[in-house]
Amino acid sequence: MRFILRFLGFLFTAGTILFVVGVAAVSGLLWHYSKDLPDYSQLQDYEPPVMTRVHAADGSLVAEYARERRLYLPIQAVPKLVIHAFMAAEDRNFYQHGGLDFTGIVRAGLNYIQSYGTGRRPQGASTITQQVAKNFLLTNEVSMTRKIKEALLALKIERTYSKDKILELYLNEIYLGLGAYGIAAASLVYFDKAVNELTIPEVAYLATLPKAPNNYNPFRQRERALERRNWVIDRMAEAGFIKQADAEKAKRTSLGVTTKPTVAHTFSAEYFAEEVRRELYERYGEKKLYEGGLSVRTTLDPKDQVLARKVLIDGLVKFDEQHGWRGPIKKIDISTGDWGVKVADVKVLNDVAPWRAAVVLEVTDHAARIGLQPGRDPAGRVERQRDTAIIPLDGMKWAKTKGKPVTKVSQVLEPGDVIYAEPSDKKDGQYILRQVPEVSGAMVVEDPWTGRVLAMVGGFSYDQSQFNRATQALRQPGSSFKPIVYSAALDNGYTPSTLVLDAPLELEQGPGLDVWKPENYEGNFFGPSTLRFGIEHSRNVMTVRLAQDIGMPLIAEYAKRFGVYDNLPPYLSFSLGAGETTLLRMVTAYSMLDNGGKKVKPTLIDRIQDRYGHTVYRHDERECIGCDAKKWENQPEPSLIDRRQQVIDPMTAYQITSMMEGVVLRGTAANAGFQKEVGKPVAGKTGTTNDEKDAWFIGFTPDVVVGVYMGYDKPRTLGRAGTGGGLAAPIVKNFMKVALADKPGVPFRVPPGIKLVRIDLKTGLRAGPDTKKVVLEAYKPGTGPADSYSVVGFDSGQGAGQGGSGFFGTSQQGVSPESGRAVRSGTGGLY
């Protein structure tokens, strides 16, 4: 008995020693791993990279910018269904354990021992808390060391943070494939839905993804994805999160994945979105742009944007097709193999819808049968469906080659030609032959009162060229700059009826340089003519004489005020628009003429908010007095204080606007058809540069300014008919015709103090009872029509001009074409 007691004592002593040694060893081990643990307190201030989202003025999504596509969602906004799906898949007892699932740990340890040395990655049983520790604070290294640190961190995290906080961190951090981080972004990427709109099978599929998104890719691993999704649905039913009947119904559904585009989401807004991205980058830097979670409300009007793109593209294509067919995109061999696969491999523009790439399959005298380029599924495989269509002879009549009219399809196309075709609106199944135009251009639509850019098109195709011709292309504006010259004159004592001599002019440029002889577009002269006549018919020589009279330094000052040029050289040719500027600058200058002379800054952004919803930028800088009142106590009504600079006198702005209405009614833009087709007050000015290399028109109503320029990227002539009135003005007209169709025809606002006098349109004198051509001319207080002739630039030795008889002897036949030549002669001096 004593022996047994001694033996038991020995066992107890040995056990105690072993226990103490074991505790000491474990304590030492825990101390060893604990001393190098990351600081888990950083989770309290966790700010994950969140994508920046850009919205149009109506709230629709325009674009997203991110390195990790993530939208941070507070746990309070996460539906219970989503939480239950992830708990069923990852950690069913999440709300019961203290950070570690000991049963799972034992199972993972045994699995690790079995997998040791095999090269296989062992399966784990980490809790959601452990996954938070790993994802935020550790690496993906497969080792016992990492697992021990993970467990220790999980225990510390559980003691520091609530279960809801831990779950919030997890659901926003996890990577779920296709570039989506967190459930909010994944919901949009996979199903184009908000999380509160997800169904049982959809949340179950998302819950399958944290372990290995690539293994359950909905396109490449569809069967595995379905199997895993159904497994999650079963676990949800088993845990009592959903009813068994709902589970069975959910398992019978397809994956239903609808991927979301990652480029500009508003069709045709690519140039606009990229301009916004550049501004955000310059304002906040790369990290803030791609990780800062900015919410950007832009000025974009989606309807105006789609319309602007359509009318500009139509105008470019119409001009290009007048010059005939240049040939197919490419030729492919369709004699053997699947033509669909071959044409699918041809790189074409992806943003020219409704155009489709196609290959010519066979040709007759009267039609061509084409095979439309098949699409690709999200996995990149060519779709099996093969669609064909017909291009009749009428659909390619424009495609003349070497100037010869098209009488047979074979003159234009042959089998194997890869082309673009557009669906015909005349008959289903028929298409029209198209080609990418060589000519390019840009269009800007702006609110004149605020400078808000409502639409911007920077070229034919963003996929073809990311160069934004509205903001980056420096082009000569030609005669579209003349309103700035005339505004400077009107603001400094001249009137719309001031007479300026339209007659030959020769100017010495300096020793060794040729004499400069500015010319009118038509080559004729009209003698003494009013400023109104000069702007309406874009008389070059008159403009040079006016610039000579008021001085180029004054014009340079006004050009700077309007933001057209920063430093305009003091040479007379620059009064004809010889300097280079951008379309956006010109449209903004016209906005100031339209709004009564107030300074406006063009903007594509209304407001920017940070990730917390705080407004960090607002374009509207007007001060609102009384807008912060908490309640109504019979105080004065709120008022807006506008401290913007007055660029020119409001009366001057109205005078030049009235004169530019004449451009549309009687002058160089009359043939565009504004009066007949728009039917509302419109003012504007054409511009054509030297050798017809650029064609401009900027038109405006009281509430919108629309500018267009057309020209080749490598400047060359557009042809003798390539004028602002003939090419650019019809594009603006087509936009206004649709955009203003449901808006009232409001006349331009007449500022107080202006008096309107009936004037003889030709002489500028007060109209008599028998005067045939009369205009209501605007005069400032203390001014009026002249009682006698006083002609700027008149010299008795110069004569009245070619073909004239006296001052007003030259007759005008019809409407003169646009002038606006930016004449350059020599490299220095006066030119």
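In this text, all values refer to a predicted model and were calculated from it rather than measured experimentally.

**A few points about the pairing of strand S1 (residues 52-55)**
- Residues Thr 52 and Val 54 of S1 are buried on one face, and the alternating residues Arg 53 and His 55, pointing to the opposite face, are buried as well.
- Taken together, the four bridges between S1 and strand S2 (residues 61-65) define a ladder with antiparallel strand orientation. Residue pairing across strands places Val 54 opposite Ala 63, the latter belonging to S2.
- Hairpin connection, S1 to S2: the antiparallel pair is bridged by five residues, and Gly 59 has positive phi, about 95 degrees.

**Examining helix H9 (residues 222-238)**
- For H9, which comprises 17 residues, the first-to-last C-alpha distance of 24 Å matches the rise-based estimate of 24 Å (1.5 Å per residue) to within 8%.
- Every buried residue of H9 is accounted for by Ala 225, Arg 228, Arg 229, Asn 230, Val 232, Ile 233, Met 236 and Ala 237.
- Tucked inside the fold, the buried residues of H9 contact helix H2 (80-90), helix H8 (200-208) and helix H10 (244-251).
- One or two positions beyond H9, positive phi appears at Gly 240, with a value near 80 degrees.

**A word on the packing of aromatic side chains**
- A full pass over the atoms with the stated rule returns 17 aromatic pairs.
- Ring centres of Trp 355 and Phe 460 lie 5.5 Å apart, and the angle between their planes is 50 degrees; this geometry places the pair in the tilted category. Taken together, the residues Trp 355 in the loop between helix H14 (339-344) and strand S7 (356-363) and Phe 460 in the loop between strand S13 (453-457) and helix H15 (482-490) connect sequence positions 105 residues apart. Both residues of the pair, Trp 355 and Phe 460, belong to the buried class.
- Ring centres of Phe 481 and Tyr 565 lie 5.4 Å apart, and the angle between their planes is 65 degrees; this geometry places the pair in the edge-to-face category. In this pair, Phe 481 is assigned in the loop between S13 and H15 and Tyr 565 in the loop between helix H18 (552-561) and helix H19 (583-594), connecting sequence segments 84 residues apart.
- Looking at Phe 481, the relative accessible area reads 0%, which means it is buried.
- Joined through ring pairs, the aromatic side chains of Tyr 190, Phe 191 and Tyr 205 make up one cluster.
- Sitting over the face of the ring of Phe 94, Lys 163 holds its NZ or CZ atom 4.4 Å from the ring centroid.
- Its guanidinium or amino end placed over the ring of Tyr 521, Arg 720 lies 4.3 Å from that ring's centre, counting from NZ or CZ.

**What about the packing of H2 against helix H6 (residues 163-173)?**
- Orientation of H2 relative to H6, taken along the N-to-C sense of each, is 85 degrees, at an axis distance of 12 Å. By the angle between their axes, H2 is roughly perpendicular relative to H6. When H2 is examined against H6, the residues Ile 83, Phe 86 and Glu 90 are found in contact with a partner set consisting of Leu 167, Tyr 170 and Leu 171.
- A class-by-class count of the residues in the contact of H2 with H6 yields five nonpolar, no polar and one charged.

**Some details on helix H17 (residues 540-550)**
- Along H17, nine of the 11 residues are buried, which leaves the element largely enclosed by surrounding structure.
- Listed as buried for H17 are Asn 540, Val 541, Met 542, Thr 543, Val 544, Arg 545, Leu 546, Ala 547 and Ile 550.
- The elements touched by buried residues of H17 are H15, strand S14 (499-502), strand S15 (527-530), helix H16 (531-536), H18 and strand S25 (791-792).
- Gly 551 sits one or two residues past H17 and shows a positive phi near 95 degrees.

**So, the sheet that holds S15**
- What the three strands build is an open sheet, ordered S15-S14-S25; its pairing is mixed. This sheet does not close on itself; its edge strands, each paired only once, are S15 and S25.
- Judged from the two bridges that link them, S14 and S25 form a sheet pairing that is parallel. By the bridge assignment for S25, Leu 499 is matched with Val 791.
- Strands S14, S15 and S25 of the sheet are contacted by H17, whose axis makes an angle of about 125 degrees with S14.

**Considering the state of the cysteines**
- Throughout the structure, instances matching the rule amount to one disulfide.
- With its sulfur 1.4 Å from that of its partner, Cys 624 forms a disulfide with Cys 627.
- Note on Cys 627: relative accessible area 46%, which makes it partly exposed.

**Quick word on the packing of H15 against helix H20 (residues 650-665)**
- Remark: H15 packs on H20, axes separated minimally by 9 Å, with the N-to-C direction vectors making an angle of 135 degrees. In terms of orientation, H15 lies oblique with respect to H20. Read as a crossing pair, H15 and H20 show a hand that is right-handed. Where H15 approaches H20, its residues Pro 483, Tyr 486, Ser 487 and Leu 490 are matched on the opposing element by Thr 652, Gln 655, Ile 656, Met 659 and Met 660.
- A breakdown of the residues in the contact of H15 with H20 according to their chemical character gives six nonpolar, three polar and no charged.

The rules we used
- Residues numbered from 1 in each chain as written.
- Predicted model: local features only at pLDDT ≥ 70, side-chain atom pairs only at ≥ 80, totals over all residues.
- Heavy atoms only, no water.
- Buried < 20%, exposed > 50% of the residue type's maximum accessible area, 1.4 Å probe, protein only.
- Helix = DSSP H or I, 4+ residues; strand = E, 2+ residues; numbered from the N terminus.
- Pairing = 2+ DSSP bridges.
- Expected span 1.5 Å × (residues − 1).
- Contact = heavy atoms within 4.5 Å.
- Phe/Tyr/Trp six-rings, centres within 6.5 Å; stacked < 30°, edge-to-face > 60°.
- Lys NZ or Arg CZ within 6 Å of the ring centre and 35° of its normal.
- Axes fitted to C-alpha atoms, helices over the stretch in contact; angles between N-to-C directions.
- Parallel < 35°, antiparallel > 145°, perpendicular 65-115°, else oblique.
- Nonpolar A, V, L, I, M, F, W, Y, C, P; charged D, E, K, R; others polar.
- Disulfide = S-S within 2.5 Å.
- Left-handed = near helix turned anticlockwise from the far one by under 90°.

Nothing here speaks to function; it is all geometry.
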